[in-house]
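# Report on the structure
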Amino acid sequence: MSDDTWEALKATPIAEMRRRAAIIHTIVDVSPTAVEGAERFAWNDSGGQSAVWYFAPDGRAMLLTFDHESDLNLYAEGTYALQESLYGGVPADLVQLVRNRPENYESLNLTEPGTDETIHYAGGVFWFDGKQWRAAEGFLDHCEQEGLDAMAESGFGYCLDDYLLGQEFTPEAFVAYRDADNWYDSAEEKDQALAEAREIFIRHG
């Protein structure tokens, strides 16, 4: 499913991806985080997995995924230099969005000894150049060197499930998707979730 999700992401207009990111950010009630020069939206499953989106004013974007159970979780054993290398190939001004920023639930920091420079953890690093999505060269190089499946180990498919990429994205479709995953304990809870989703979708146009 990760490959299908990747192809669907590449086929999704960036304005639509921003809309979906904003809606999911609101539905999962992610705490606001100020980032100079870009909009930040995120998703987390309250269990250590996350997706973080940065949308720059010039139409570019960056996506970070994180699966705490994968070999790309550098939190315990990784170094600042290794984490920084995963951003290799991403324009410096986009990477700057995750340098020396306060930690938050979705993005913890790795610190460089001696300088106290920090950079946000990420297992998967992807960016949109204004025309197409790319996987960061440093991320792919590390996976190749370590014999890792980049999409699987980054949690890419799982972390983007809620965005229903390649599928209809309406309040009804979103609630039906969650209902199929046994999110709701009763018809009343499902109806309430649908009413809330409709209001959020309207708010985000």
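Preceding this paragraph is the structure being described.
How each quantity is defined
Residues numbered from 1 in each chain as written. Predicted model: local features only at pLDDT ≥ 70, side-chain atom pairs only at ≥ 80, totals over all residues. Heavy atoms only, no water. Phe/Tyr/Trp six-rings, centres within 6.5 Å; stacked < 30°, edge-to-face > 60°. Helix = DSSP H or I, 4+ residues; strand = E, 2+ residues; numbered from the N terminus. Buried < 20%, exposed > 50% of the residue type's maximum accessible area, 1.4 Å probe, protein only. Lys NZ or Arg CZ within 6 Å of the ring centre and 35° of its normal. Contact = heavy atoms within 4.5 Å.

Taken as a whole, this structure holds twelve aromatic pairs when the rule is applied. With 5.6 Å between their ring centres and 45° between their planes, Trp6 and Phe126 make a pair best called tilted. Separated by 120 residues along the polypeptide, Trp6 in helix 1 (residues 2–11) and Phe126 in strand 6 (residues 124–128) bring together distant segments of the chain. Relative accessible area serves as the criterion here: at 0%, Phe126 is assigned to the buried category. Ring centres of Trp43 and Tyr158 lie 5.8 Å apart, and the angle between their planes is 75°; on these two criteria the pair is classed as edge-to-face. Of this pair, Trp43 sits in strand 1 (residues 39–44) while Tyr158 is found in helix 7 (residues 156–159), placing the two residues 115 residues apart along the sequence. Accessibility expressed as a relative area gives 5% for Trp43, which makes it buried. A network of ring pairs unites the aromatic residues Phe41, Trp53, Phe55, Phe128, Trp133 and Tyr163 as a single cluster. The aromatic ring of Trp183 is capped on one face by Arg178, whose charged end is 3.6 Å from the ring centroid.

With respect to the element layout, Arg198 can be found in helix 9 (residues 187–203). Along the chain, Arg198 and Thr170 lie 28 residues apart, while their C-alpha atoms are 8.1 Å from each other. Contact partners of Arg198, with chain neighbours within four places excluded, come to Pro171 and Glu172.

Without other data, these values stay purely geometric and don't point to any function.
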